[in-house]
Amino acid sequence: MAARTLQSVRIRMYCQGFGDCFLVTFVYDSDPEKVHMLFDFGVWKQTAISLESIAADILKTTGGKLDVLVITHEHKDHLSGFYKKMREAFYARHDDTAADKLRFDRLWLAWTEDYENNPLAKELRQLYQKAHKALTDTNQKLQGLSGMDDIRKLQEELLELEDGGLEETDEPEASGQAELGADETPNEATETPKKRRIPSNVAALDWLKKNARIVKYFKPGQRVNSIKEAMPEGLEGVQFFVLGPPEQLSHLKKNESAKSGDLYLNETFIANDFSMGAVKMDGQFDNYFSWIDQTPFEDEYCCPARFEMDQQPDLRPAKDEGDPGWRTKQLTDRMARLQECEVYQNYFGLHKNPDSQQKLSPKRRIDYDWLRVSQSLALDLNSHTNNTSLVLAIEIDSTKQVLLFPGDAQFGNWNSWFENNYQWQFDKKENEPKRTVTVEDLLERTIFYKVSHHGSHNATPQDRGLKLMTRTDLVAMVPVSRETAKGNDWPIPYDKLTKAFDERPVTYVYSDSPGETRGNKDAKVFKAAENGLYVDYEISL
């Protein structure tokens, strides 16, 4: 194909509710062939705009072919547009010729989704599985406990966001399907497998991997244009820089910051992997000791959160510093003695003497208080998944304007761009000198910002984020449903962030009010569909 000149870029934000769906269309001068790129397609709590109506519009706009589908991360509000019902109605394999189905040429994913070939991605997947199981187990324990309904409800909703619920499948097991409660129980009469129920997010992503023509995984610091077969034919006049997700676990787990100028709120992250040890050891006493070895505390300060009678030995083994198992014996001895103390008898109600058993009210019992910590773990699990977002900065060759699509990246993802000092070198060209592109440079030239994580407090940093986006013509789109956020007591979009937008001013729009321009209200840059389905922003070159 002959070289083409990029004439305009149109960004379409769909307005389905609390979720992301952005269709980016590259239009070329004197050439009817456009290139279409879709960033995510999902919703958590849908509003009046249906996913079906959006899929129909995407099909009509693209003529049935998406040149690039970008899935930034594995959350329901970014993936539910590809759940089973939607797949059957709207999508087909890349080589299918059906005129009424949408096909995908390239699928772009973060390295974190390559858990079959990437060792770190596999390790992260295993950690995720353990945390997910701990939360699922905790929620079962919360059933019927007084005063725990709000926590249980929140956790159920966050777990739904993480896995999308379960759906039936006849397909053979694919990578990642078995870890989150897939049902593989055979039918005893026929010895044939039942229809398995697997997480909808996993099923959707696996289907996309199988049915796109080419699948590419990206790491931070890469330039997509330089990777073999990554760019679809005809996509010219732009450069794609990969900023995230980071390859360091410390950055992936960093959701907050207390440092002045980083974020608007202080550090709230706590080591829930250790707080939730009780979930992991409950009913499996031996696991407690392996858990102890992973804690940052000396073992003399540790004891399990629950004490079951059938888990405790009757004997008190002697301590022997020369015995490799002395720590286990010491802890076992300590817990056996602990059961005899008055506090244990009065508040745990599990003393060996049946005559001393007391029926304690839930308010007086303390052995279930640790369950409240699970709320924080659920939020952290959600944030860690957000931090695995694939982050792309798109540079327009002719103007050097930048479009920033960070998915739901939170502080750790953003901060890693600077800590790792990503840079890209370009040789001298006929009309362009040799140059070095840096993260600061990309942000300074950003003209469009897809606001990260619906405008939450920790997803748009100050000094290493918004304050570097210095263009006076900066435009932002916020995919949000304020009604959904309010119903869950979420401060989204965060008022201090929107205040910063207003004071600049940044020209921005919410997906739940596509006809209302905010910030620089006099700017006429948005064009909303009459039916409220989407809002467009076009950059003419």
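Residues numbered from 1 in each chain as written. Predicted model: local features only at pLDDT ≥ 70, side-chain atom pairs only at ≥ 80, totals over all residues. Heavy atoms only, no water.

Visitor: Explanation requested: the overall build of the protein in the structure shown.
Guide: Along its length, the protein carries 17 helices and 19 strands. With 541 residues in all, the protein has 57% of them scored as buried. Look at the contacts in the protein between residues 6 or more apart in sequence, and 69% of them connect residues 24 or more apart. Looking at the protein as shown, the accessible area adds up to about 24,500 Å², and 47% of this sits on carbon and sulfur atoms. (Helix = DSSP H or I, 4+ residues; strand = E, 2+ residues; numbered from the N terminus. Buried < 20%, exposed > 50% of the residue type's maximum accessible area, 1.4 Å probe, protein only. Contact = heavy atoms within 4.5 Å. Areas by Shrake-Rupley, 256 points an atom, 1.4 Å probe, with all protein chains shown as cover.)

Visitor: Explanation requested: the nonpolar core in the structure shown.
Guide: Across soluble globular proteins, nonpolar side chains have a tendency to be buried as a group. With 41 residues, the main nonpolar core has L243, L404, W417, Y449 and F501 as its most contacted residues. Aside from chain neighbours lying at most four places away, what touches W417 is L243, G244, V391, Y422, V439 and L443. Grouped together as the second largest cluster of nonpolar side chains are 38 residues, Y28, L390, L403 and F526 included. (Core = buried A, V, L, I, M, F, W, Y, C linked by side-chain atoms within 4.5 Å.)

Visitor: Quick question: what am I supposed to make of unusual backbone geometry here?
Guide: Peptide bonds are trans in most cases, and residues, glycine excluded, mostly fall at negative phi. That bond from G244 to P245 is cis: its omega, 10 degrees, falls within 30 degrees of zero. For P245, the location among the structural elements is in the loop between strand 9 (238-244) and helix 7 (249-252). A cis amide bond links R504 with the next residue in sequence, P505, at an omega value of -5 degrees. Residue position: P505 is located in the loop between helix 17 (495-503) and strand 16 (507-510). Its identity is not glycine, yet K400 carries a phi of approximately 65 degrees, on the positive side.

Visitor: How do you make sense of the sheet that holds strand 10 (residues 391-396) when you look at a structure like this?
Guide: What links the strands of a sheet is backbone hydrogen bonding, and the strands pair in either a parallel or an antiparallel sense. One open sheet holds the seven strands; their spatial order is 9-10-11-14-15-16-17, and the pairing between them is mixed. Each end of this open sheet is capped by a strand with a single partner; those strands are strand 9 and strand 17 (518-519). Where strand 11 (residues 402-405) and strand 14 (residues 446-450) come together, three bridges link them in parallel fashion. Opposite L403, over in strand 14, you have F448 as the bridge partner. Helix 14 (residues 411-419) rests against strand 9, strand 10, strand 11 and strand 14 of the sheet, and its axis sits at about 110 degrees to strand 9. Where helix 17 meets the sheet, its contacts fall on strand 14, strand 15 (475-478), strand 16 and strand 17, and the angle it forms with strand 16 comes to roughly 140 degrees. (Pairing = 2+ DSSP bridges. Axes fitted to C-alpha atoms, helices over the stretch in contact; angles between N-to-C directions.)

Visitor: Mind showing me how you'd approach the pairing of strand 9 here?
Guide: Side-chain direction in a regular strand flips from residue to residue, so the side chains alternate between the two faces of the sheet. Among the seven residues in strand 9, seven count as buried, and that is most of the element. Both strand 9 and strand 10 contribute to a ladder of six bridges, which runs antiparallel. By the bridge assignment for strand 10, F240 is matched with I394.

Visitor: What's the story with the sheet that holds strand 3 (residues 31-39) in this structure? I'm lost.
Guide: Ordered by their spatial adjacency, eight strands build an open sheet running 8-5-4-3-2-1-19-18, and the pairing between neighbours is mixed. Each edge of the open sheet is held by one strand with a lone partner, namely strand 8 (214-218) and strand 18 (526-528). Shown here is a sheet whose adjacent strand axes are inclined to one another by a mean of 20 degrees, direction ignored. As judged from the three bridges shared by strand 18 and strand 19 (residues 534-540), these two strands associate in the antiparallel manner.

Visitor: Before we go on, may I ask you to explain empty space enclosed by the protein in this structure?
Guide: Any empty space left between atoms is shown by rolling a water-sized probe over those atoms. Per the stated rule, a full pass over the model turns up one cavity of 30 Å³ or more. For the largest cavity, the calculated volume is near 40 Å³. When the residues that make up the lining of the largest cavity are grouped by side-chain class, the tally is three nonpolar, two polar and three charged. (1 Å grid on protein atoms, 1.4 Å probe; cavity = no way out; pocket = protein on both sides within 12 Å on 5 of 7 lines; lining within 4 Å. Points joined across faces, edges and corners; volume = space filled by probe spheres on them. Nonpolar A, V, L, I, M, F, W, Y, C, P; charged D, E, K, R; others polar.)

Visitor: Got a minute to help me understand helix 14 in this structure?
Guide: Note on helix geometry: an α-helix contains 3.6 residues per turn, so any two residues three or four positions apart are oriented the same way. Counting buried positions along helix 14 yields eight of nine residues, so the element is predominantly enclosed. Buried residues of helix 14: F411, G412, N413, W414, N415, S416, W417 and F418, and no others. Each element contacted by the buried residues of helix 14 is listed here: strand 9, helix 7, strand 10, strand 11, helix 15 (439-444) and strand 14. N421 sits one or two residues past helix 14 and shows a positive phi near 50 degrees.

Visitor: Is there a simple way to explain the confidence of the model for the protein in this structure?
Guide: Low-confidence regions, as indicated by low pLDDT, have predicted coordinates that should not be scrutinised in detail. Of the residues in the protein, 71% have a pLDDT of 70 or more, and the chain-wide mean is 80. Every residue in residues 174-179 is under pLDDT 50, and counting partners more than four places away or in other chains gives 22 contacts. Between residues 347-368, whose pLDDT stays under 50, and residues either more than four places distant or in other chains, the model counts 40 contacts. (pLDDT = per-residue confidence, 0-100.)

Visitor: Can you help me understand the packing of aromatic side chains in this one?
Guide: Remark: the centre distance and the inter-plane angle together describe each pair of aromatic rings, the angle taken between the planes. Evaluation of the coordinates by the stated rule reveals 24 aromatic pairs. Here the aromatic rings of W44 and W490 are separated by 5.1 Å at their centres, their planes lie at 20 degrees, and the arrangement is stacked. With W44 in the loop between strand 3 and helix 1 (51-62) and W490 in the loop between helix 16 (482-487) and helix 17, the pair connects residues that are 446 residues apart, well separated along the chain. Across the pair, W490 and W44 agree in class, each one buried. A cation sits over an aromatic face here: R4 above Y28, 3.8 Å from the ring centre. In this structure, R12 is placed above the aromatic ring of Y534, and the distance from its NZ or CZ to the ring centre is 3.6 Å. (Phe/Tyr/Trp six-rings, centres within 6.5 Å; stacked < 30°, edge-to-face > 60°. Lys NZ or Arg CZ within 6 Å of the ring centre and 35° of its normal.)

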